[in-house]
Amino acid sequence: MNYFRCVMTHLRKDLQLEWRTKDAINGMLFFTLLVVVVFSLAFDPTAYPTIARQISGGLLWVALLFAAMTALNQSWAREVRNSVLDAQRLVAAPASALFVGKALANLIFVSAVEVVLAPVFAIFYNLHPLGQTWLLLLILPLGTWALVVNGTFFAALSLRTRSRELMLPLVLFPISMPALLGMIQATTNVLTGDLEPTLWIKVLFAYDVVFTTACVLLFDTILNTD
Amino acid sequence: MSIAITSAIELHRVSRVYGSFAALRNVSLTVPAGASVVVVGENGAGKSTLLRLLAGLVSPSYGTVTLFGGAAREQVDRLAYMSHETMLYDELTGVENLRYFAALQGVRAERVEEALHSVGLDPAIPRRVGEYSQGMRQRASLARVLLTQPDLLLLDEPFSNLDVASARHMVELLQAYVAGRNGDGLPRTLLLTTHQHELARPLAEMTLTLQAGQVVSLEGAGVTH
């Protein structure tokens, strides 16, 4: 079976599991909407549109980062239940296909949350971007992929640790700092229109390429560690 | 000159240590291809560890494990392992689970129905595995390992949770499988652990007894330790 078909088989399974349980999406949606509402009450962004534009990028990505944690842990919890992961290890198919399939599934889940979140965010924070809005169509997928590719990898890495819910953010946050900086700066630049976000988009793209390659290459070792 | 590989399993002075606890101690064993071995022993005797070592899910702390003349990890396409747990997704039906594993392993789709029928499960059951009874879960799990028609079957407590009639049916099925009577006619090697020795007697061409991680007896022909 070729690699692409293996990835698609894993992806289809993860989508099917999520469709039946809706664990990841419901948890993320609830969390991000809560963050948006709470912060809009705390800061009253409609009274200070300039400040709202300056902080919205950061708020959006931090909310997504924290929300993604729940989905990332959840996606591997399904594999650990009933020892399905052992069955995966014994399948004569590339281990990294499991990782890529799961990362793609997580990308779809987080993107679905973004689709719901973006208009709510724009309304609550009265946002009118002053930069090139279409660039958000590049920044959002690149930023989301940076979160999910590392998150999926490190969630798998922390599977065998005792407090995996705690371990994932501890490992993921420091390693995501460059990407987080890129996402926030690029988004803020689009919203405020002060600076060109191109450099930060390039940083995000480079980060995605480097970490996707590293994660794909190292996943087999992670999966088959005793 | 070619050398025919006649042994399916070879363990040479194998130990597996977890922290300060030795689950297996200095085990040497040779099982010929086509043999059927029942492993017995008390809880904690090392039965499950032995099977996980053979499946390549854990590495030996000391010693070497060889399957069909090669390293265990390189033989994943020739073996199948069934553990205490179902190794299936609770949220999918039995047929969906098996289709998923069949697709990954390049097994033709018809094998899914064949495997489910062989263990006495109706592929049309709309219930998810999480809603199955314990016995049905056990049978679905067995169907998963039979999907690829592996040369080596490693079964950990396959009869637990089964009523006597279902367990007997499973024994008959395994007897036929090992003898090569269902499928392509090739004899297969079987290693299973059980606490229900009487039930597994028809499969016990050889009986290996483990105690505190060591082989204490081996009865039957062909197996050496």
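Each remark here, short or long, concerns the structure printed above.
Residues numbered from 1 in each chain as written. Chains lettered and ligands numbered in written order. Predicted model: local features only at pLDDT ≥ 70, side-chain atom pairs only at ≥ 80, totals over all residues. Heavy atoms only, no water.

K.L.:
Looking at this structure, how should I read unusual backbone geometry?
P.N.:
A negative phi holds for most residues other than glycine; trans holds for most peptide bonds. Here lysine 22 of chain A, not a glycine, exhibits a phi torsion of approximately 55°, which is positive. Tracing the chain through its elements places lysine 22 of chain A in the loop between helix H1 (3–21) and helix H2 (23–43). Taking relative accessible area as the criterion, lysine 22 of chain A reaches 36% and is therefore assigned partly exposed. The backbone phi angle of phenylalanine 68 of chain B is positive, close to 50°, even though this residue is not glycine. Looking at where phenylalanine 68 of chain B falls in the secondary structure, it is placed in the loop between strand S4 (62–67) and strand S5 (70–71). (Helix = DSSP H or I, 4+ residues; strand = E, 2+ residues; numbered from the N terminus. Buried < 20%, exposed > 50% of the residue type's maximum accessible area, 1.4 Å probe, protein only.)

K.L.:
Looking at this structure, how should I read the sheet that holds strand S2 (residues 21–32) of chain B?
P.N.:
Hydrogen bonds along the backbone pair up the strands of a sheet, which may run parallel or antiparallel. Residues and elements named next belong to chain B. Spatially, four strands are ordered S2-S1-S4-S5 in an open sheet, and the strand pairing comes out antiparallel. Each edge of the open sheet is held by one strand with a lone partner, namely S2 and S5. Across eight bridges, the pairing between strand S1 (residues 7–18) and S2 is antiparallel. Looking at the pairing, leucine 11 lines up with leucine 29 of S2. Running over the sheet, helix H1 (residues 47–55) touches S1, S2 and S4 and is turned about 120° from S1. (Pairing = 2+ DSSP bridges. Contact = heavy atoms within 4.5 Å. Axes fitted to C-alpha atoms, helices over the stretch in contact; angles between N-to-C directions.)

K.L.:
Teacher, can you tell me more about the interface of chain B and chain A here?
P.N.:
Interfaces are frequently sized by the accessible area removed from exposure as the parts join. Contacts between the two partners involve 30 residues from chain B and, on the opposite side, 25 residues from chain A. Across the interface of chain B and chain A, roughly 2,500 Å² is buried in total on both sides, 57% from carbon and sulfur atoms. Among the residues of chain B in contact with chain A, Tyr89, Glu91 and Leu104 of chain B are the three that bury the most area, contributing 26% of the side total. Along the contact surface separating chain B from chain A lie three salt bridges. Of the charged contacts, one joins glutamate 91 of chain B and arginine 81 of chain A as a salt bridge, the two residues approaching to 2.9 Å between their closest N and O atoms. Counting every contact that joins chain B to chain A gives 16 residue pairs in polar contact (both at pLDDT 80 or more). Within the residue set of the side of chain B that touches chain A, elements represented by two or more residues are H1, strand S6 (79–82), helix H2 (94–104) and helix H4 (134–146) of chain B. Considering each element in turn, the side of chain B that touches chain A owes the most residues, five residues, to H2 of chain B. (Buried area = accessible area lost by both parts, 1.4 Å probe. Salt bridge = Lys/Arg side-chain N within 4 Å of Asp/Glu carboxyl O. Polar contact = N/O pair within 3.5 Å; in protein donor to acceptor, adjacent residues only side chain to side chain.)

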